[in-house]
Amino acid sequence: MQAQTLYEKLWSSHVVHQEADGTALIYIDRHLVHEVTSPQAFEGLKLAGRKPWRIGSIVATADHNTPTDHWDLGIQDPVSRQQVETLDANIREVGSLAYFPFKDARQGIVHVIGPENGATLPGMTVVCGDSHTSTHGAFGCLAHGIGTSEVEHVLATQCLLQKKSKTLLIKVDGQLGRGVTAKDVVLAIIGKIGTAGGTGYAMEFGGSAIRALSMEGRMTICNMAIEAGARAGLVGVDETTIEYLKDRPFSPRGEQWEQAADYWRSLHSDEGAEFDKVVELRAEDILPQVTWGTSPEMVTTVDGRVPDPAAVTDPVRREGIERALKYMGLAANTPITDIPVDQVFIGSCTNSRIEDLREAAAVAKGRTKAASVKRVLVVPGSGLVKRQAEAEGLHEVFLAAGFEWREPGCSMCLAMNADRLEPGERCASTSNRNFEGRQGAGGRTHLVSPAMAAAAAVTGHFTDVRTLA
Amino acid sequence: MNPFTELDGLVAPLDRANVDTDAIIPKQFLKSIKRSGFGPNAFDEWRYLDVGQPGQDNRQRPLNPDFVLNQARYQGAQILLTRDNFGCGSSREHAPWALEDYGFRVLIGPSFADIFFNNSFKNGLLPIKLDAAEVDELFRQCEASEGYRLKVDLAAQTITRPDGQSIAFDIDPFRKECLLNGWDDIGLTLRHADKIHAFEDRRRAEHPYYYS
């Protein structure tokens, strides 16, 4: 048999029907649901008198609107509360495999709770009305974000209309240096190929540096595949994947576990499989990254400088840089380490898992928040992550450093709840998007790893975490 | 969904690359549980001088005179010229809902982000990809002449400029049919219900662990 890529294996095992022009009906195994992109879909379903095709595919949680403090007070914003209550009512009415509502012990960011509960499994197709669904591809499943019309389509038919993507392999070989993390790898990739570099592709990450990453690290990388334009990120299954999934609440057990694991071990690109495009990076060349602009591709290394638009010839790009520097309040050629921060955010579906919190705590330990930094928010990705961190005493490290230890949720990644930047405030953030206004109208976001965020918190400006022994 | 066949519409230029869906419709408006009413908040942070909140009377808010869509000559535009990677970022369908509610029916640019591109078709909004050079020329013509209009014919897959020149564009045949007829995807898919059931039965037998 011809050598196949992982994407081709996943695609061909889910085609239900194909139109003459190649548009296919793809079967969906897991449907993750949250409160922001589902109400109109449930309403559409009801108006058409349709029922969900398979409620056992649905795993739901409330995450975008939920507050991260004073849970005893409930959700103060009435519009946010209504959206969360609408999800409660919809799930109560139609049913689900699992629902982790606001305040539930296992509630959290949808892209954290799926994997940690074993609801995301290799070989599945996973969708959610959320672009960061690419995260789940770390498990060797085909996972991507969809719009609300498609949420309704999946609810009603268990299928999605799709055209096959092209395949792109990002190969990172070698060994990452000390202080360099998965977040730095993915920011370096986006810096290299651009925010549209993966448009139209399913993006597989391979090479020895990717194989050496934990599942948390692989999720961080796949999470930001969409920031490079690729709807789906992928990493082939190996023993790290299988080890992670063993004994999770929804993972198979007993004989079925053995059967599943056997199949999952085949879910990787075959030796000699051909990709439409291959991009290679050396792990040793990757340094800690910091974004300076309003698009994730506007990124440089911590020892770098803010670029000078005068040196750029392409007019659309030059104007883009000028506009970004104006919005960010930065002068050309400023050394990255001279940029002070007002707030620090450690959290989001990119970097709120236990390993991320350990990395941040390792830097924060024995240090304190710089006086010039107004606030440092640490927001675990889920109730389970929070409990694990507390069992390890990480929260005490953060609190001793003057950081705030919050309840789980999306929080200041997109500021739909009360956690946000004020106009003009500058933030070192472990999230995924530095768009204008993303963390609050007029707010200025610099994307970094958890370790680099903690380093900025204790020094008051961007600092090469490798210099903090 | 409203069908799309032909349009003779006023054109507005949005001359910046990587316009993300956070810019098209900021997060505070995503708290709505409805599908309509997002138009007055399309491009909210660029369009107004204050910070918008859901439920405001937007007519009372100060407009940003520097934002291109606020210029008198572009009022009533139904066609938006864009640059590379329009609609990147979040999968929020509120972005095409806002553009459609604002009055746009056609977007023309060199490239669009995948999820946004897909979402647009579900809402009777036609995104058209053209060569960067063609798009450059449209920007030039549009900025040079007030009241600049284009004719878009989906069945013929052509855009006609005021100078009479016709530009052909590509579109997936399946998407074209759906848009021309205003078909509901779900209804179309459910015609294959038997195939879906058969697929599911087979999958359940081969991979029972996805169903336990």
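Model, not experiment: these values are computed from the prediction.

## Topic: the domain arrangement of chain A
Residues and elements named next belong to chain A.
Part 1: With domains assigned, chain A is organised as domain 1 (6-163 + 241-259), domain 2 (166-237 + 269-285) and domain 3 (289-463).
Part 2: Domain 2 and domain 3 are separated by 22 Å when their C-alpha centres are compared.
Part 3: The interface of domain 2 with domain 3 comprises 18 residues on the first partner and 23 residues on the second.
Part 4: Buried area between domain 2 and domain 3, both sides added, is near 1,600 Å², and the carbon and sulfur share of it is 55%.
Part 5: In this structure, the salt-bridge partner of Arg433 is Glu227, at a minimum N-O distance of 2.7 Å.
Part 6: Taken together, the links from domain 2 to domain 3 amount to eleven residue pairs in polar contact (both at pLDDT 80 or more).
Part 7: Those elements that place two or more of their residues in the side of domain 2 that touches domain 3 are helix 6 (182-193) and helix 8 (215-223).
Part 8: The element best represented in the side of domain 2 that touches domain 3 is helix 6, accounting for six residues.
Part 9: Grouping the constituent residues of the side of domain 2 that touches domain 3 by class yields six nonpolar, eight polar and four charged.

## As for the domain arrangement of chain B
Part 1: Under the domain assignment, chain B is made up of domain 1 (6-181) and domain 2 (184-212).
Part 2: Put simply, the middle of domain 1 of chain B and the middle of domain 2 of chain B, counted by C-alpha atoms, are 36 Å apart.

## Structural notes on unusual backbone geometry
All names here are of chain A.
Part 1: Although it is not a glycine, His70 sits at a positive phi angle of roughly 50°.
Part 2: One non-glycine residue, Asn333, lies in positive phi territory at about 70°.
Part 3: Along the chain, Asn333 turns up in the loop between helix 11 (315-328) and strand 15 (343-346).
Part 4: Look at Asn333 and you get partly exposed, because its relative accessible area is 37%.

Conventions used here
- Residues numbered from 1 in each chain as written.
- Chains lettered and ligands numbered in written order.
- Predicted model: local features only at pLDDT ≥ 70, side-chain atom pairs only at ≥ 80, totals over all residues.
- Heavy atoms only, no water.
- Domains from an automatic or database assignment.
- Contact = heavy atoms within 4.5 Å.
- Buried area = accessible area lost by both parts, 1.4 Å probe.
- Salt bridge = Lys/Arg side-chain N within 4 Å of Asp/Glu carboxyl O.
- Polar contact = N/O pair within 3.5 Å; in protein donor to acceptor, adjacent residues only side chain to side chain.
- Helix = DSSP H or I, 4+ residues; strand = E, 2+ residues; numbered from the N terminus.
- Nonpolar A, V, L, I, M, F, W, Y, C, P; charged D, E, K, R; others polar.
- Buried < 20%, exposed > 50% of the residue type's maximum accessible area, 1.4 Å probe, protein only.

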